[in-house]
Amino acid sequence: MPTGNKNSINYILQFSKIMEIAVISGKGGTGKSTISAAFATLQPNVVLADCDVDAANLYLLFHPTHEKEEVFVSGFKAIINKDLCTNCGECINYCRFAAIDEINGEVLINETSCDGCKLCSRICTVEAISMVQEDKSRMYSGSFRNGKMVYGRLSPGEENSGRLVDIVREEAKNTARANGIETIIIDGPPGIGCPVISTITGVNQVVIVTEPTLSGLHDLKRTIEVSSKFKLTTSVIINKFDLNADMANEIETYCNSLHISVITKLPFDRVVVDAMLNCQSVVEFAPHSEISILLGKAFLQISNINS
């Protein structure tokens, strides 16, 4: 067999060994990032990918090094050159997003409303409008105490968070291959939108974190519906189950009806907050606590599902 073919096969085999576990939630505040952090510190040498690019926070906990920084261009915005603009207002008539207005006889662009479609720059007869890149967002890659970490930070007001998630995931896989790491833990965004789709596409396992509330159950149903469309192996963690045991039982009954495993039910424990205040995951801060033991068993069960 030609050497090139051997290299291709080895590359595919190495890629296939990588296990991606995505931790997501149908709503914010369920404890998704806390559980992702715990999973990332339950075994040595992992890649942790924070794909909640609109509100990345795991870097605050793990303080990774910045070995690589990549500019993410999320789009364009229109800028008016006041030295050229005649304030004719023609661009106002053409803007479909109501992003241009005339105030006190001066034509102004609302950056928040501007969609970057470039039409105004094309129809301006005096070429007073130009398009500039929105380039404040970043992708970072480096090391943390338990392996490698990749995360994205979308600048306020900038868009295309799903595309930034794609970049973070690709960098995480490249990092895993380059360092011989077999496990990638993905902390996904809440909800069921485009960033979540980018987070879970092609992963080995989806873990949905929910809480024992009516809204928690409602959003869990929507999230399960999304993951089922991708035919992904899905399991559920009920966090703070003891705050509403009846609702926790209702959630477990619903999951059982869909043959979805509730791999653990975590109690409310102040030690989780104490761990975060000390910039540690709960399994680092209190390895012998009940919640740490339950998380360890849950992670072992997930690993066995994908082995």
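The coordinates are above.
As the structure is a computational prediction, the values presented were derived from the model and not from experiment. (Residues numbered from 1 in each chain as written. Predicted model: local features only at pLDDT ≥ 70, side-chain atom pairs only at ≥ 80, totals over all residues. Heavy atoms only, no water.)

Caption draft 1: Quick peek at the pairing of strand 11 (residues 205-210). For strand 11, the tally of buried residues reaches six of six residues, placing the bulk of the element in the interior. Of the two faces of strand 11, the one holding Gln-205, Val-207 and Val-209 and the one holding Val-206, Ile-208 and Thr-210 are both buried throughout. Two elements, strand 1 (residues 19-25) and strand 11, share four bridges in a ladder whose sense is parallel. Directly across from Ile-24, in strand 11, lies its bridge partner Ile-208. With five bridges joining them, strand 11 and strand 12 (residues 234-239) adopt parallel strand pairing. The residue bridging Ile-208 from the neighbouring strand is Val-236, located in strand 12. With helix 8 (residues 214-229) bridging strand 11 and the parallel strand 12, this β-α-β connection has right-handed handedness. (Buried < 20%, exposed > 50% of the residue type's maximum accessible area, 1.4 Å probe, protein only. Helix = DSSP H or I, 4+ residues; strand = E, 2+ residues; numbered from the N terminus. Pairing = 2+ DSSP bridges. Right-handed = clockwise from strand over helix to strand, strands pointing away.)

Caption draft 2: Representation of helix 6 (residues 161-179). Its 19 residues place the ends of helix 6 27 Å apart at the C-alpha level, agreeing with the 27 Å of an ideal helix rising 1.5 Å per residue. Directly beyond the C-terminal end of helix 6, a positive phi value near 65° is found at Gly-180. (Expected span 1.5 Å × (residues − 1).)

Caption draft 3: Quick look at the packing of helix 8 against helix 9 (residues 245-257). Contact geometry of helix 8 with helix 9 gives a least axis separation of 10 Å together with a crossing angle of 15°. Taken together, the axis directions place helix 8 and helix 9 in an arrangement best described as roughly parallel. The two elements helix 8 and helix 9 meet at a crossing, and its hand is right-handed. In contact with Leu-214, Leu-217, Leu-220, Lys-221 and Ile-224 of helix 8, helix 9 contributes Met-247, Glu-250, Ile-251, Tyr-254 and Cys-255. (Axes fitted to C-alpha atoms, helices over the stretch in contact; angles between N-to-C directions. Parallel < 35°, antiparallel > 145°, perpendicular 65-115°, else oblique. Left-handed = near helix turned anticlockwise from the far one by under 90°. Contact = heavy atoms within 4.5 Å.)

Caption draft 4: Spatial organisation of the side chain of Lys-77. Along the chain, Lys-77 turns up in strand 4 (residues 75-80). There is a polar contact of 3.5 Å between the side chain of Lys-77 and the side chain of Glu-111. Apart from residues lying up to four places away in sequence, Lys-77 is in contact with Glu-111, Cys-114, Ser-130, Met-131, Val-132 and Glu-134. (Polar contact = N/O pair within 3.5 Å; in protein donor to acceptor, adjacent residues only side chain to side chain.)

Caption draft 5: Geometry of unusual backbone geometry. One non-glycine residue, Asn-87, lies in positive phi territory at about 55°. Classification of Asn-87 by relative accessible area gives partly exposed; the value is 28%. Phi angles above zero are rare outside glycine, and His-259 is one such case at about 60°.

Caption draft 6: Spatial organisation of the sheet that holds strand 8 (residues 137-144). Taken in spatial order, the nine strands line up as 3-8-9-2-10-1-11-12-13 in an open sheet, and their pairing is mixed. Among the strands making up the open sheet, the edge pair consists of strand 3 (68-72) and strand 13 (261-266). Neighbouring strand axes in the sheet, compared pairwise and without regard to direction, differ in orientation by 20° on average. Two elements, strand 3 and strand 8, share five bridges in a ladder whose sense is antiparallel. Bridge pairing links Glu-70 to Met-139 in strand 8. With respect to the sheet, helix 2 (residues 32-40) is in contact with strand 1, strand 2 (46-50), strand 8, strand 10 (183-190), strand 11, strand 12 and strand 13, its orientation differing from that of strand 10 by roughly 175°.

Caption draft 7: Main features of the nonpolar core. Counting residues in hydrophobic clusters, the biggest one holds 38 residues, and the most contacted among them are Ile-184, Ile-200, Leu-220 and Val-236. Among the elements that take part in this core, helix 6 stands out by supplying six residues, more than any other. If we skip the residues at most four places from it in the chain, Ile-200 touches Ala-22, Ile-24, Arg-169, Val-206, Val-226, Ser-227, Phe-230 and Leu-232. Formed by 36 residues, the second largest nonpolar core is a distinct cluster that contains Ala-37, Leu-48, Ala-298 and Ile-302. (Core = buried A, V, L, I, M, F, W, Y, C linked by side-chain atoms within 4.5 Å.)

Caption draft 8: Region of interest: the pattern of salt bridges. One pass over the full model with this rule turns up 15 salt bridges. Of the charged contacts in the structure, one is a salt bridge between Lys-32 and Asp-52, with a shortest N-O distance of 4.0 Å. Of this pair, Lys-32 sits in helix 2 while Asp-52 sits in the loop between strand 2 and helix 3 (58-62); the two residues are 20 residues apart in sequence, bridging distant segments of the chain. Grouping residues by exposure puts Lys-32 and Asp-52 together as buried. Salt bridges linked by common partners bring Lys-32, Asp-52 and Asp-187 together as one network. (Salt bridge = Lys/Arg side-chain N within 4 Å of Asp/Glu carboxyl O.)

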